Each structure stands twice: as C-alpha cells, then as structure tokens.
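The chain contents come next:
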Amino acid sequence: MPNPPPLSFQHKKSLILAKLSVPISEYDDLSPKGSIDIGIRELIDEINATEGCVTTSSCAGRVSVFLEGRRKVEALEGAGVEGDGGNEGEGNGNVDERGDGKEDEGGLEGERTNAGVGGKGGGGRWLFVSHDPVPTVLESQGQSENESESETQDGSGNGNGSKSSSGKSSWTELLGLQRLEGGDEAVQREMESVRDGEMRLVHFKFEPMILHVLTASLPQAQLVLSAALQAGFRESGALNLTSSTTEPATPMVGIRSMGLSLESVIGFESAGREICMVPEWQLKHLVQVTNQRFVENGKRIERFRGLLREMGKCEGKERRGDGGGEWEDKEARRERKRAEGLKRAEELRMGKEVKHDDEMPDLNVLDQNP
C-alpha cells in the first residue's frame, strides 16, 4: 500500500484546489487571459483528481503579438536607483506559467523597470493574444465562421481588449499593428529615426502547452514525466528531487515542448505607434503555420492525457510480463538477457572441454601394447 502524501504536499494541494473551485466568473490570475484555458481544463481536473498530483501553473498554448519592454533602466527625474529587472508575474494556483503580470507593477517608485532581451516586462504590452487557432479569412474576404478567442489591446496595456477578430480587414490590423504609406522605404526611414539602443521590437510568437505538476513522491514524478516525454513534450523535466527537511521530497514536473515554438520579429515601435515591417502575405503565412502547430499541440496533449490514464491504472498494481512472470523494465531485461547469454556461452565452452577429454586416448594404455 503506497504511503500517504507528505503533509506539506497535502496543504499546498488543498490551497490550490480551493482557488480552482471558485466560479469561473470570479477566478483571476496573473495571465493576460486571467483564467485557466478551456482547452486543458479537463486535463487539469483529471490530474488534480489523482492523489499524488496537483497542477500549479498552466497554459494550453497560445499565439501572441507583443511589444517588448525597454532594454535599459530609464530613471525618472530625481530617482537615481537601479532597476530590479522587470516584473515577472507570480502567484499560487494555476497562474499562466509564462508569468505575464500587469505593466510596470512591482518596480521601485520613481523608476521604470527594464526587460530581458525580447521580454515583455519593463513597459511592454500585448497587441494580440489567442489560445485557439486564428481564423484565416478576414472580414474583407468574408468573415470565417470559426470565431477565435482572441484579444486585441485597447491601448491601455491591461489586456482588456476586444474578444474577437471581427471588423479587421487586414492581418496588420488584426495583429494590432499599423502600416506606413510609402512601403519599405518609409519603414526604413522610420526605423533610422529611432535612436540607437531605444528600438523596441514587436514579436509574433507561438508557444505550445506548458504545465507544472507538483507530485507527492519520486515514483509519482517519474510516472508524470514518463507520460510527458512519450507524448512528445521532449523538453520536460523535474526539480526538487531531494528534500531539505525531514519530509520526503515533493518533485515538481515541468511539461513543455520547445520544438513546436515559433517566434518572429514583425515590427517596431516609433512615436508611440507599433509599425509593421513585413508584408501581409508573410503575416498570413505565420498565422497558417501557427494554426498547424496548434493542431499538433492538441494531439500531444491528448496523448499525454491517455498515457497518464494508462499509467494511473497500473500504479499500485503488480505489473506482469507477457508470460505472466515478474515485470521488468528495459534495463533489467537487457541485463538479464546479457547474463543468460554469458551463462549459455560458458555452458557450451564447458561442454566442449568435456567432449574433448573423452576423445583423447590414454597414453599409458598405448605403451602397454606389444
């Protein structure tokens, strides 16, 4: 019978489940969406129903367009303090793991924080976010019947923009950008007008599912990690494998797949405007590639769910081999086969030596012959 989960694990799980139990209309976290993605809500419920597991952060996968933050500290008048490196969101429960808090929160008074390379902290803002495939037919071409749960910024940087792509007649407009008249030459002149070191780029980014699962034991962590790796989330891993207290370790399993990620620079900021620097056809192509990756991401999520269910059924039960004997993993089977092969080789060698001794004549008998 398996040991009960450590008390620390039980306490953390009860807090997280209490937060998840509130009505969807009242739930809020630090992600731009502000709630758990519907695409993995059932998966999260299944994991949390398992005794030794609880999810701590999640995102089903998303496509986003965002303006990166300032790359250096810009101290306001009279400030003279160093920045704290931006404001990555934190929280308990299923916060979007990508850590997207509100703009410029958490900085010191009288100071603007800076962002890492390509990061949204330090004054960056969302221009477009969708957790579903984006319709590839714009209004000017005939509105698609499939509505996307997308968000376009209203300019305030708080993530409360319109919820659909209705009314957008170009990919530039849909993704929250503006296009200059005059083509590439106008774009080049505008870029050259921005001072060195102050260029803030606009990124188009697709990110597949990311999920963190707190487990009650090493065997439980191994089960979850094995399911993730087999499902195609190849960059998954585990942390906190040892305990610094008297209680057993409670490993954290991170489930992710960087191979499906996609990122491209599609614009820049100038005079408070987000200017598109790539043609319409390229924006459409990025959306099409992203939609394909949404499909593959969904397949991997379903494989992960199925493997978790199958492994959960085997948990706590004695596993048997094909012939009903004791079950063994690949390493144990390889070692057993190697030992059996060495044993057979030794038996063959001994058999040959015995046969050779029987065939050798007795020299004493030969000397007695007349």
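On a predicted model such as this, the values are computed, not experimentally measured, just so you know.

A word on the overall build of the chain. A tally of helices and strands in the chain yields eight helices and twelve strands. Burial statistics for the chain: of 370 residues in total, 41% are counted as buried. Considering only contacts within the chain whose residues lie at least 6 apart along the sequence, 73% involve residues at least 24 apart. Summing over all exposed atoms, the chain offers an accessible surface of approximately 21,500 Å²; the carbon and sulfur share of this is 50%.

If you walk through the whole model with that rule in mind, you get 16 salt bridges. The residue arginine 305 makes a salt bridge to glutamate 42 at a minimum N-O spacing of 3.6 Å. With arginine 305 in helix α6 (residues 280-314) and glutamate 42 in helix α2 (residues 41-48), this residue pair connects regions lying 263 residues apart in the sequence. A relative accessible area of 9% places arginine 305 in the buried class. Residue arginine 303 pairs with glutamate 296 through a salt bridge whose shortest N-O separation is 3.6 Å. Note on arginine 303: relative accessible area 37%, which makes it partly exposed.

Turning next to the sheet that holds strand β10 (residues 252-255). The strand order across the open sheet built from four strands is β1-β8-β10-β9, with neighbouring strands paired in antiparallel fashion. Of all the strands in the sheet, just β1 (53-59) and β9 (237-239) have a single pairing partner and so form its edges. Neighbour to neighbour, the strand axes of the sheet diverge by 20 degrees on average, direction disregarded. Where strand β8 (residues 210-215) lies against β10, four bridges are found, and the strand directions are antiparallel. Each residue of the ladder has a partner; that of leucine 211, found in β10, is isoleucine 255. Of the strands in this sheet, β1 and β8 are in contact with helix α1 (residues 7-20), which crosses β1 at around 45 degrees. Lying on the sheet, α2 is in contact with β1 and β8; it crosses β1 at an angle near 160 degrees.

Of all six residues making up strand β5 (residues 125-130), six are buried, and the element is well covered by its neighbours. Pairing between strand β2 (residues 62-67) and β5: five bridges, direction antiparallel. In the strand pairing of β5, valine 63 is matched with serine 130.

To continue, consider the nonpolar core. Formed by 30 residues in total, the largest nonpolar core has its most connected members in Leu43, Leu211, Val224, Ile255 and Phe304. Elements that contribute at least two residues to this core include exactly α1, α2, β1, β8, α5 (218-231), β10 and α6. What valine 224 contacts, discounting residues up to four positions off in sequence, is Cys53, Val213, Thr215, Val253, Ile255, Phe304 and Leu308. Counting 24 residues, the second-largest nonpolar core is a separate cluster that includes Leu67, Leu177, Val202 and Leu262.

Here we take up the side chain of glutamate 190. Turning to its location among the elements, glutamate 190 is positioned in helix α4 (residues 183-193). Setting aside residues up to four positions removed in sequence, glutamate 190 forms contacts with Leu180, Phe268, Ser270 and Arg273.

This part covers the packing of aromatic side chains. For the structure shown, the criterion picks out three aromatic pairs. Where phenylalanine 66 meets tryptophan 126, the ring centres are 5.9 Å apart and the plane angle is 70 degrees; that geometry is what we call edge-to-face. Taken together, the residues span a long stretch of sequence, with phenylalanine 66 in strand β2 and tryptophan 126 in strand β5 at a distance of 60 residues. For tryptophan 126, a relative accessible area of 6% corresponds to the buried category. Between the aromatic rings of phenylalanine 233 and phenylalanine 304, the centroid separation amounts to 6.3 Å while the plane-to-plane angle is 75 degrees, which identifies the pairing as edge-to-face. With phenylalanine 233 in the loop between α5 and β9 and phenylalanine 304 in helix α6, the pair connects residues that are 71 residues apart, well separated along the chain. Since its relative accessible area comes to 0%, phenylalanine 304 is described here as buried.

With that settled, consider the confidence of the model for the chain. For the chain, per-residue confidence averages 76 on the pLDDT scale, and 64% of positions sit at 70 or higher. Considering only residues more than four positions removed or in separate chains, one finds that residues 143-166, a stretch of pLDDT under 50, has 57 contacts. Predicted confidence is poor over residues 316-320, with pLDDT under 50, and the contacts of this stretch with residues over four places away or in other chains come to six contacts.

The next point concerns the pairing of strand β12 (residues 273-276). The two faces of the sheet receive side chains in turn, since in a regular strand these alternate between them. Pairing between strand β11 (residues 262-270) and β12: four bridges, direction antiparallel. Its bridge partner being in β12, phenylalanine 268 is matched across the sheet by isoleucine 275.

Summarising the element assignment, serine 58 is placed in strand β1. In sequence terms serine 58 and isoleucine 255 are 197 residues apart; their C-alpha atoms lie 9.4 Å from each other.

Attention now moves to α1. Between the first and last C-alpha of α1 there are 20 Å, a value that for 14 residues agrees with the 20 Å anticipated at 1.5 Å per step. Buried residues of α1: Phe9, Lys13, Ile16 and Leu20, and no others. Taken down its axis, α1 places every buried residue within 65 degrees of arc, on the same side. Residues Leu7 and Leu15 are exposed on α1 and point more than 90 degrees away from its buried face. Buried residues along α1 sit in contact with α2, β1 and β8.

Cut-offs applied
Residues numbered from 1 in each chain as written. Predicted model: local features only at pLDDT ≥ 70, side-chain atom pairs only at ≥ 80, totals over all residues. Heavy atoms only, no water. Helix = DSSP H or I, 4+ residues; strand = E, 2+ residues; numbered from the N terminus. Buried < 20%, exposed > 50% of the residue type's maximum accessible area, 1.4 Å probe, protein only. Contact = heavy atoms within 4.5 Å. Areas by Shrake-Rupley, 256 points an atom, 1.4 Å probe, with all protein chains shown as cover. Salt bridge = Lys/Arg side-chain N within 4 Å of Asp/Glu carboxyl O. Pairing = 2+ DSSP bridges. Axes fitted to C-alpha atoms, helices over the stretch in contact; angles between N-to-C directions. Core = buried A, V, L, I, M, F, W, Y, C linked by side-chain atoms within 4.5 Å. Phe/Tyr/Trp six-rings, centres within 6.5 Å; stacked < 30°, edge-to-face > 60°. pLDDT = per-residue confidence, 0-100. Expected span 1.5 Å × (residues − 1). Arc of directions from axis to C-beta.

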